[in-house]
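Here are the chains, one letter per residue:
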Amino acid sequence: MSYTHKPTVIETIAEKLHLIPDLHAEGDGPAAQRATVDGSEVNCPPPDQWDHWVEYDSKSWPERKAKEYMLIPTSCFNCEAGCGLLAYVDKETMQMRKLVGNPYHPASRGRNCAKGPATLNQIEDTDRVLYPMKRSGKRGSGKWERVSWDSVLDDIAGRMRKAIQEGRNNEISYHVGRPGHEGFMEWVLRAWNVDGHNSHTNVCSSGARFGYAVWEGFDRPSPDYTNAKFMLLVSAHLESGHYFNPHAQRIVEARMKGAKLAVLDPRLSNTASMSDYWLPSFPGSEPAVLLAMAKVIIDEGLYNRDYLENWVNWKEYLQQDYRGTPVTFEHFIEALKKEYSAYTPEFAEQESGVKAATIVEVARKIGAAGTQFATHVWRSASSGNLGGWAVSRTLHFLNVLTGSVGSPGGTSPSAWNKFHPDVHAKPKPQTFWNTLQLPDEYPLAHFELSFLLPHFLKEGRGKLDVYFTRVFNPVWTYPDGFSWIEALEDESKIGLHAALTPTWSETAYFADYVLPMGHSAERHDLISYETHAGKWVAFRQPVLRVARAKMGQPVRYTWEANVGEVWEEDEFWIELTWRIDPDGSLGIKQYCMSPYRPGEKITIDEYYRYIFERVPGLPEKASAEGLTPFEYMQKYGAFEVESNVYKVNERPVAQADMQGSTVHQESGVITKNGKPVGVQVDGADCIGFPTPSRKQEFYSKTMVDWKWPEYRIPTYIKSHVHQELMNRSKGEFALVPTFRLPVLIHSRSGNAKWLAEIAHRNPVWMNVSDAKSLGFEDGDLVRVNTDIGFFINRVWVTEGIRPGVVACSHHIGRWRREEDPAANRWATNRVQIKREGGGKWKMRVEESIEPYESNDPDSSRIFWSDGGVHQNITFPVHPDPISGMHCWHQKVRIEKAHDDDRYGDVFVDTARSYQIYKEWLAMTRPAPGPDGLRRPLWMNRPFRPDEKTYYLR
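What this report covers is the structure whose coordinates are included nearby. What you see is a predicted model, and the numbers here were worked out from it, not measured in a lab.

## Re the packing of helix 4 (residues 184-192) against helix 21 (residues 569-580)
Where helix 4 contacts helix 21, the axes come no closer than 11 Å and their chain directions differ by 15 degrees. Judged on the interaxial angle alone, helix 21 and helix 4 are roughly parallel. Relative to helix 21, helix 4 is oriented so that their crossing is left-handed. In this structure, helix 4 uses Phe184, Met185, Trp187, Val188 and Trp192 to contact helix 21, whose residues at the interface are Asp570, Trp573, Ile574, Leu576, Thr577 and Ile580. When the residues that make up the contact of helix 4 with helix 21 are grouped by side-chain class, the tally is nine nonpolar, one polar and one charged.

Put into structure tokens, the structure is as follows:
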């Protein structure tokens, strides 16, 4: 498109003699355009040509056949980054032909990883669910019938209406995997007066969240890689964590400017292989390494005195732990030296295997970087280990010591870089607390204990009358999946299960309704994530609906424009909420009213119009182009609300909050109506951080008050897979199952043929020395024994993992049964599942990946046969007693496969799994806390209910 080939003399002669096709003759119809701006060629067509763009059809070669397109922006939904996409819609066929990067997206800036363009595979999936389906046999029997959306809505709404009228609000649950939107479900669930939000957070990020929250109230980091001088990542974040593409771009930019990168990970990930320092630690030992670095920084005076003195609650620490000692900063530093005297680099080397000299070198690099030190941890160590939250807590300690919190090149709280919408409806907080989701045993959990639901139901703690699973597949993604099957099959525990999903899944097979929801280019969502030191909002929109409106063919509902009757959650929830309360007597219907047409039901366009009209700066930006804010977002797909966001904690307290406030003379905390609103620092009234002290809390009185005084300051907690627990002679290892391959998407990449072609197996990584000692060779079949069963896989012998540790990627090992609808055949094995009584389950692969005939010719060209192994289903639940995080790492025993073992075999004992659940439950220190609270009032929780529900007595 941006290059014209000048034929050689030989080519010209050959064309005229018809020896080769004439590749340079113009065909009939319009000529292809070049993407230019002010006469210069660019990589993307300019927006003023998006409604009418002409390109040659690559599939028509050698004929030059021009195609006319509309380019419509949307956002990817194949990880949490929400990168911008531009969909090319063929005006003749009204089909999407490709998806490329949207250069007007502030985070992704026109670039995408493999997952973005592969959205087209998901849309064109030959096996996707096209219509609402209702089970016609026993739950899980594989028998289904097509039904209408009206019948689905009426059935579910009637059931929910009855539950709400009878005060059984806690029997309604919305269980979400990947939210993909901002602010929508808060008003919906509160309109229902339901404390029903259940998420996947406790198998994902709650460990890291708690470690950050106990420091600063905010529970996620946002590194400013672009301006960093030194970067420290815990895990393979660059290629497999959240915000992969936006972060990768900025890490590369920093390295091109001379920044250094260190990676703390037992596995030589793609990220580690490109780093300046690979620190292959033993799983769970990361806090020992990080505290050793902290000791070097403290002992050598590399800390930022100004930040520590002004923005850390060191005075409270001395007053509580060193009573009688003068409260001076010098005594604080002496106390730090005393507290961390045992964390020598040599001790850290003994615990982790990372060389002491390397620890010292990296610590000094961090100290030299000062305020330009960027860090990140998300899953990995923080989600793998007992006490994994100590990983993020000790990592953030390094940011605090260097004063690199919220600074250019440092690490900010995520909330500073996320836009939060102002929606049309503002129901009061729900008046229920659902202990099936946040039980009293876990008062500090971040957040819902969703992976324990089958065990809670088994114990009789409650039941569910209406259970929604949305883009969520716990049978396959979660640990202990057979316990999930047992719960989902039991109609006395779950009355109605509606799976809102873009594709069939291992969980959807056990639903009552399977309701087809759109992929990223088939739905509306509002998204905003902490990808860099700015704040942006993006608009995911259903491409074909927008295209039809542009062609003068508007539709009422998104499912009328999508393939089949594929809908979207936003419109579904509005319609369902309206039907729950048809006469308004429950007080629910009022929240679905249009803000523009009194008494009428809000439309999806009105919902987003209301939000966009209230985005700071957007109305002015749109007006400058003669557009409304809604039209602007439809045209560009994204808007940067604020750039260069730093040191938000130093912003002044609002005048309204200062009026009638009081200032605590000793701590400087500013309170109004008994609640902190800011803090005085060096004579200025600053908003600070949302903690009790409004500062960074090195000392946590919360941990003391809630029965965990031993963790009142950052410390090291030995993991449940600590090396001293391993008997090497018996083949015992720490298994790291938390990494993923960068082209895969939890359980949603099974219907993306390009991605399945790239990655479709997950062998067990084993160090060369370990393989030699056990007599294994590369490719050998092994049995990996867990506490509740085993799985059979092949071993990959490599130097890319430290000795004493094995690893196996998740996101591979998808399956379906003979009775289930054929689905995700690019990636799923067909299996036989047998129950042997007493909670014992067996799974065996009967058919691996094979070519099949369909309307997609590529399905007959499948050349791979390996569908991988389902490992997660063999893991028991390991709920951390504080954060509530499922501790993914497993102590396993690896042996040669038995004679009757076959690749992909799985065995699980759910009775044993229940016993292990009880063992971990016994580790908790339940509520109540101070004043009879079930959770600290200052600590965040999703969809915060009425404050009265926080009190147990």
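## So, helix 9 (residues 286-299)
Between its terminal C-alpha atoms helix 9 stretches 20 Å, which fits the 20 Å expected from 14 residues at 1.5 Å a residue. Judged by how many residues are buried, helix 9 sits mostly within the fold: 13 of 14 residues are covered. Looking one or two residues past helix 9, Gly301 carries a phi angle of roughly 65 degrees, positive in sign.

## Structural notes on the pattern of salt bridges
Considering all chains together, one arrives at 74 salt bridges under this definition. Among the salt bridges present, the one from Glu491 reaches Arg135, with a minimum N-O distance of 3.1 Å. Residue Glu491 is found in the loop between helix 19 (481-489) and strand 18 (494-501), and its partner Arg135 is found in strand 7 (residues 133-135); the two are separated by 356 residues along the sequence. Assessed through its relative accessible area of 43%, Glu491 is described here as partly exposed. Between Glu818 and Arg830 there is a salt bridge, and its shortest N-O distance comes to 2.8 Å. Linking Glu818 in the loop between strand 32 (814-817) and strand 33 (828-837) with Arg830 in strand 33, this pair joins segments that are twelve residues apart in sequence. Residue class for Glu818 comes out exposed when judged on its relative accessible area of 54%. It is possible to trace a salt-bridge network through shared partners that takes in Arg159, Lys162, Glu166, Arg168, Glu171 and Asp465.

## Here's the deal with the environment of His197
Residue position: His197 is located in strand 10 (residues 197-199). Here the alpha-carbon distance between His197 and Ser173, two residues 24 residues apart in the chain, equals 6.3 Å. The residues contacting His197, other than those within four sequence positions of it, are Tyr174, Val176, Leu189, Gln437, Glu448, Pro942 and Phe943. Within the local environment of His197, its side chain forms a polar contact with the side chain of Glu448, the two groups lying 2.8 Å apart.

## With respect to the sheet that holds strand 26 (residues 684-686)
Taking strand neighbours across the sheet as the criterion, the four strands line up as 23-24-25-26 in an open arrangement whose pairing is antiparallel. At either end of the open sheet lies a strand with only one pairing partner, and these are strand 23 (662-663) and strand 26. Bridge count between strand 23 and strand 24 (residues 669-672): two bridges; the pairing is antiparallel. Following the sheet pairing, Thr662 is matched in strand 24 by Thr671.

Thresholds applied
Residues numbered from 1 in each chain as written. Predicted model: local features only at pLDDT ≥ 70, side-chain atom pairs only at ≥ 80, totals over all residues. Heavy atoms only, no water. Axes fitted to C-alpha atoms, helices over the stretch in contact; angles between N-to-C directions. Helix = DSSP H or I, 4+ residues; strand = E, 2+ residues; numbered from the N terminus. Parallel < 35°, antiparallel > 145°, perpendicular 65-115°, else oblique. Left-handed = near helix turned anticlockwise from the far one by under 90°. Contact = heavy atoms within 4.5 Å. Nonpolar A, V, L, I, M, F, W, Y, C, P; charged D, E, K, R; others polar. Expected span 1.5 Å × (residues − 1). Buried < 20%, exposed > 50% of the residue type's maximum accessible area, 1.4 Å probe, protein only. Salt bridge = Lys/Arg side-chain N within 4 Å of Asp/Glu carboxyl O. Polar contact = N/O pair within 3.5 Å; in protein donor to acceptor, adjacent residues only side chain to side chain. Pairing = 2+ DSSP bridges.

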